Amino acid sequence: MMSQSLMAYNNYFEELQITSCGVIDLGNFSGRTRSAVSVREGQGVVLMCSPPPHSPEIIYSWVFNEFPSFVAEDSRRFISQKTGNLYISKVQSSDVGSYICLVKNTVTNARVLSPPTPLTLRNDGVMGEYEPKIEVHFPFTVTAAKGTTVKMECFALGNPVPTITWMKVNGYIPSKARLRKSQAVLEIPNVQLDDAGLYECRAENSRGKNSFRGQLQVYTYPHWVEKLNDTQLDSGSLLRWECKAIGKPRPTYRWLKNGVPLLPQNRIEMVNGLLMIHNVNQSDAGMYQCLAENKYGVIYASAELKILASAPTFALNQLKKTIIVTKGQEVIIECKPQGSPKPTISWKKGEKAVRENKRIAILPDGSLRILNASKSDEGKYVCQGENVFGSAEIIASVSVKEPTRIELTPKRTELTVGESIVLNCKAIHDASLDVTFYWTLKGQPIDFEKEGGHFESIRAQASSADLMIRNILLMHAGRYGCRVQTTADSVSDEAELLVRGPPGPPGVVIVEEITESTATLSWSPAADNHSPISSYNLQARSPFSLGWQTVKTIPETITGDMESAMAVDLNPWVEYEFRVVATNPIGTGDPSTPSRMIRTNEAVPKTAPTNVSGRSGRRHELVIAWEPVSEEFQNGEGFGYIVAFRPNGTRGWKEKMVTSSEASKFIYRDESVPPLTPFEVKVGVYNNKGDGPFSQIVVICSAEGEPSAAPTDVKATSVSVSEILVAWKHIKESLGRPQGFEVGYRKDMEQEDAAETVKTRGNESSVILTGLEGNTLYHFTVRAYNGAGYGPPSSEVSATTKKSPPSQAPSNLRWEQQGSQLFLGWEPVRPLANESEVMGYKVFYRQEGHSNSQVIETQKPQAAVPLPDAGVYIIEVRAYSEGGDGTASSQIRVPSYSGGKITSAQSTLHTLSPSSSSVTWLLALMIPSTSW
C-alpha cells in the first residue's frame, strides 16, 4: 500500500497542477486500483504507466514502495520517455514491491502520481534462460528537424540480461552521438542532413540476439537564397521576378497579388519560383508575394510593382546647354528625357531635321554625335522626346573655335645639383577662351606647398606661365609636363631635365678573400647620375675604430671602371666591415651598404707593451707594470705577456709567463732581494701563432716596503658639536716613506673593529673630522701608509665633542622704533643640562627681497638694530654657544619709514601681552643708554 507520506505528496501535486494558471497541461491519473503483476523470477516484465492527458513537455520516473525511493535505471531496468512504461529485463526477488508512475511537466513543474502497481513472484519455479526480445524501439521512420537533438530508444527483455549495441547501416554513427542509460538510448545532438540514414539497434545475450532497424530522416524548413526586390517598370515592359528557396523536402512555390492567389493568364506565366508578366500596364501594379513551402513550413517574400506612366521631361541642367569645342574635335550632345513609356527621340538644327551621315549620328541612348567638328557645325540644336502622354525638348548651342597650341621651352636641359632653371610654357589660343596652366613631374601634379620651396609657378602674362626650379636635386630629374586647359580643349607638352650629381651608392660589397692583413672586395657599379665616376674609395670599420676610416688599397687609386680591389695593412684577428664610396667631378656620393662582418686571419703579435715601469710594493717585492696591448693588436687567440728581468749588471734573464691578455702588472717576490735593488726589465708578447717583440729595457727598483714608524705627538681637540681636530708628527724614514696617513676613530663604547677611517694624502699632519655626534667621547689612532701597506698605529688619544647649542629659541620679542633705529629685546635663553652654555646672541636682519642677512652680536638679551632704508625688515634672534648657533626665534617683520614712531602694538608679529615688567622695560628702552 501507498504510505501516508506518499498520499500527502500526491495531494500536493494535484493542488499544484490545478492552480497552474487555470490551464490543464497535465491531467490526473484514473483512481481505479491497478491489478498486481505476478511473474517468475528471471522472467522479464513491463509495468504500464498509462499517463493522463498532458502537454508534450513531460518526463517520467517511477517510485519504488515509498517516496522518495526512485527506481534507478541500469542495464536491467529502463524507463521509456516515449511511453512512460517501466521495463525490467530479468526480475529478481529484490524487485518485489509496489511501483508508482510519476509524471512531471517540465514547464510548470506540476507532478501527478499513478495508483500503485504491485509486483509479486510466482511460486511455480524459476524462469529459465531465453533469447532477447526487443520491447522498446524507435519508430520505423524517425523524422527530425535539422539542428535539433534526436533520441532513439531500444531495450530488450531476456535472461541473461541482454547487451544493447548500435550501428548505422552503410555508414558510421556520428562522432558527436552519445549513448545514454546503459546504451538503451542513442542521442544525436545538432542533427544534420548527413546524419540521416538507416540505424540498427541489436540486443544480444548468451541465448541469442535480436535487432531492429529504422530510418532517420532529417528535414529542413524552407530558406531563401534569392528574394524579390521592389520594381518600377514602364508601361508595356516585361516583368521578370524569380524567388529561390532551399529545404528538405524541396519547397514548392505559389504567388499572391495583394493577398489573393495569382493564376496563370494570357500575359502571366509562373514556372516554379519564376513569375513573368508581359506588356505590363497599370492593372498589374500592386504588392506581390512569393510563398515557398514544404510539409514542415512556409516562408514569404514580398515586393511591390509600380507601373510608370508620364509625359517626357528633362532635368533642369539639360534644358539649355552651350557646348564649346575646337576644330576637329568630337561633339556629344546628350538627350536623355525621362518618361514612361520611353520617349522616342528626334533632332533638329535650327528648323531642319538633322540628317545622319558618316560624321553625324544619333546614338542608341538618344545623344547626337558629331565627328571632326568644323565651323559649319555651329548653331542651335533641338532634341525632342515624345510618347503617348506628351513631348518635351531641349536646346543646345554649339560653338567651334580654333584649336589651342602650346610651346614649352627649353625642351631638354642638363643641370648640376644646386643649380636653378625656369621652364616657360606659352599657349596660342582663341582670344575668347580663358586658359589655365597645370604642371606635372613624372606624370604627377606638382604640389608647390610641399616641395620645400624648390618649385614656384609664375604667371606673368595671361597666355604664358613659368615654372621656377631652385637649388635642383637629383630627385627633380625627369620629364616635366605643362598642360593648358580651356573651356574648349586641353593640350600638353613635356620637357626633359637631366640632373648631374654625385654618384649613387655602389651595390652590395662582397668579401671575396681574406688573409691576416688583406681583404679582396668586389661591388657592383654605382649610378653615375649623368657624370662619369672618376674613382672609388674603400672604407673599413672595426670595434676599435672611430667610425668609418679610409683604408690603403691595391691598386692605390681605384678608377671608376673598376669593380674590385684589395684592402691592405689590416690588423690580424680583427672583425671588419667594408663599404665603398664613389666620386665623380660633381662630388662624392653616399656609401654602399656595409659588407657582412668578417675577421682577418691570426698572426704573430707585432706590438710590444709600452710604458714599462715599476710600482710600489711590499718589502722584498719587484713590481713590474706596463700598458696592456689593445685587443686590436693582439693578432690572435691565446694572447699573453712574457716578463723578463735581471739584477742590474748581471747576464742571464729570468722570464715569467702572464697568460691574461688584460694583465698590466707582475709581482716578483724574493726574500733575498734588498729594498731599492735596481733591475733591468723588459716585457714581451705572444699568442697561439708564436712570440712577438719585447719592449725597450728599463731599469726599475724593488719595493722599499711599508712605513715602519708610528706617528708621534698625536693630539685630538674638540672644535664644535660635530667636529674634532686630530694632529700628529711623523719621523722621516729612509725606507718605507709614507704616501699619506689614515686616522681611525670610534665612540667610547664601540669595539675597535667598528672604527671608521679617514685618509689624507702627502705630508698633511692634521685633519678635521666632521659629522660626529655631540657631547660624545671618541678615541683616535693615526698610522702612515704607502703602496706597500700600512705602518704601525700611534698611541690612542681621546676627545669629547662639544655639547649641542641651546634648543630653546629666544621668545617674547619686543621692540620700539625711533626714527631709523629699532630697539629690540627678548627673554633670555636657558640651556638644558646636556646643552652648551649661552655665550651671547646673534640678531639677523635683512630687507625683504634680499637674501643676505647682516648680524649683530650681543652678550645681553637686547640690541639696537639700524634700519637705514625705507622698506620692510625681517628680523630673527639666535643664542650661540661653543656648540654653535641655537634655534632661531620667530621672524618679525618691521616697516621702516623716513621718521615717525611705530610701537610694537602696531607692527610686531608674535607679541606676548606686556606684563608690568615688560612695560617698565619698554619705558627704559625709550631712554638712550650706553648699554645699547
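Residues numbered from 1 in each chain as written. Predicted model: local features only at pLDDT ≥ 70, side-chain atom pairs only at ≥ 80, totals over all residues. Heavy atoms only, no water.

**A word on the nonpolar core**
Here comes step 1: Membership of the largest hydrophobic core comes to 24 residues, with the highest contact counts inside it found for Trp439 and Tyr480.
Here comes step 2: Residue contributions to this core peak at four residues, all from strand S38 (residues 421-428).
Here comes step 3: Leaving out residues up to four positions away in the same chain, Tyr480 has contacts with Leu408, Leu423, Thr440, Leu441, Ile446, Phe455, Leu467, Ile469, Asp493, Glu494, Ala495 and Leu497. (Core = buried A, V, L, I, M, F, W, Y, C linked by side-chain atoms within 4.5 Å. Buried < 20%, exposed > 50% of the residue type's maximum accessible area, 1.4 Å probe, protein only. Helix = DSSP H or I, 4+ residues; strand = E, 2+ residues; numbered from the N terminus. Contact = heavy atoms within 4.5 Å.)

**Remarks on unusual backbone geometry**
Here comes step 1: Here the residue pair Thr409 and Pro410 is connected by a cis peptide bond, since its omega of -10° sits within 30 degrees of zero.
Here comes step 2: Structurally, Pro410 can be placed in the loop between strand S36 (405-409) and strand S37 (412-416).
Here comes step 3: Here the residue pair Ile554 and Pro555 is connected by a cis peptide bond, since its omega of 0° sits within 30 degrees of zero.
Here comes step 4: Positionally, Pro555 belongs in the loop between strand S49 (553-554) and strand S50 (558-559).
Here comes step 5: The phi torsion at Asn170 lies on the positive side, around 60°, for a residue other than glycine.
Here comes step 6: By the element assignment, Asn170 lies in the loop between strand S12 (163-168) and strand S13 (178-180).
Here comes step 7: The class of Asn170 is exposed, set by a relative accessible area of 80%.
Here comes step 8: With a phi close to 50°, Asn529 is a non-glycine residue in the positive phi region.

**Thoughts on a nonpolar patch on the surface**
Here comes step 1: Together, Val719, Leu725 and Ile768 line one region of the surface with nonpolar side chains, adding up to about 220 Å² of accessible area.
Here comes step 2: As for its position among the elements, Ile768 is in strand S67 (residues 766-769).
Here comes step 3: Residue classification places Ile768 among the partly exposed residues on the basis of a relative accessible area of 48%. (Patch = residues over 30% accessible without salt bridge, like charges linked within 9 Å, V, L, I, M, F, W, Y side chains within 5 Å. Areas by Shrake-Rupley, 256 points an atom, 1.4 Å probe, with all protein chains shown as cover. Salt bridge = Lys/Arg side-chain N within 4 Å of Asp/Glu carboxyl O.)

**Focus: the UniProt feature "domain: Ig-like" (unreviewed entry) in the protein**
Here comes step 1: When the UniProt feature table is mapped onto this chain, "domain: Ig-like" (unreviewed entry) is found at residues 14-114, 132-217, 222-306, 312-399 and 403-492.
Here comes step 2: Summarising residues 132-217: 0% helix, 62% strand, and an end-to-end C-alpha distance of 28 Å.
Here comes step 3: The span residues 312-399 is 0% helical and 55% strand by assignment, and the distance between its end C-alpha atoms comes to 27 Å. (UniProt positions renumbered as here; feature names shortened; annotations may be inferred.)

**A look at the pairing of strand S42 (residues 464-469)**
Here comes step 1: Burial analysis of S42 places six of its six residues in the buried class, which makes it a mostly covered element.
Here comes step 2: By the alternation rule, side chains of S42 split into Ser464, Asp466 and Met468 and Ala465, Leu467 and Ile469, which are all buried.
Here comes step 3: With six bridges joining them, S38 and S42 adopt antiparallel strand pairing. For Asn424, the partnering residue across the bridge sits in S42 and is Asp466.
Here comes step 4: When strand S41 (residues 455-461) meets S42, the two strands line up antiparallel, connected through five bridges. Bridged to Phe455 within S42 is Ile469.
Here comes step 5: Connecting S41 to the antiparallel partner S42 that follows it, the hairpin turn spans two residues. (Pairing = 2+ DSSP bridges.)

**Section: the sheet that holds strand S11 (residues 150-159)**
As a general point, the strands of a sheet are linked pairwise by backbone hydrogen bonds and lie either parallel or antiparallel.
Here comes step 1: With respect to topology, four strands assemble into an open sheet ordered S9-S11-S14-S13, the strand pairing being antiparallel. Looking at strand neighbours, the two that pair on one side only are strand S9 (130-137) and S13, the edges of this open sheet. Sheet twist, expressed as the mean angle between neighbouring strand axes with direction ignored, is 25°.
Here comes step 2: The pairing of S11 with strand S14 (residues 185-188) spans four bridges and is antiparallel. When the sheet's bridge partners are listed, Met152 is paired in S14 with Leu186. (Axes fitted to C-alpha atoms, helices over the stretch in contact; angles between N-to-C directions.)

**Quick notes on the UniProt feature "domain: Fibronectin type-III" (unreviewed entry) in the protein**
Here comes step 1: Within the UniProt annotation, "domain: Fibronectin type-III" (unreviewed entry) is assigned to residues 505-603, 608-705, 710-804 and 809-899.
Here comes step 2: Secondary structure across residues 505-603 comprises 0% helix and 40% strand; the distance between its end C-alpha atoms is 34 Å.
Here comes step 3: From the first C-alpha to the last, residues 608-705 spans 30 Å; its make-up is 0% helix and 50% strand.

**Remarks on the pattern of salt bridges**
Here comes step 1: In the structure shown here, the tally under the stated rule is 40 salt bridges.
Here comes step 2: The residue Glu496 makes a salt bridge to Arg412 at a minimum N-O spacing of 3.7 Å. Taken together, the residues Glu496 in strand S44 (residues 490-500) and Arg412 in strand S37 connect sequence positions 84 residues apart.
Here comes step 3: Assessed through its relative accessible area of 52%, Arg412 is described here as exposed.
Here comes step 4: A salt bridge links Glu621 to Arg669; its shortest N-O distance comes to 3.5 Å. Note that Glu621 is positioned in strand S56 (residues 621-627) and Arg669 in strand S59 (residues 665-669), a separation of 48 residues in sequence.
Here comes step 5: Taking relative accessible area as the criterion, Glu621 reaches 13% and is therefore assigned buried.
Here comes step 6: Taking the relative accessible area as the measure of exposure, Arg669 reaches 45% and is therefore partly exposed.

**Some thoughts on the layout of surface pockets**
Here comes step 1: The space that makes up the largest pocket amounts to roughly 670 Å³.
Here comes step 2: For the largest pocket, the lining is made up of 27 residues, of which Gln81, Lys82, Lys151, Met152 and Glu153 are closest to its centre.
Here comes step 3: Broken down by secondary-structure element, the contributors of at least two residues to the lining of the largest pocket are strand S3 (58-64), S9, strand S10 (141-145), S11 and S14. (1 Å grid on protein atoms, 1.4 Å probe; cavity = no way out; pocket = protein on both sides within 12 Å on 5 of 7 lines; lining within 4 Å. Points joined across faces, edges and corners; volume = space filled by probe spheres on them.)

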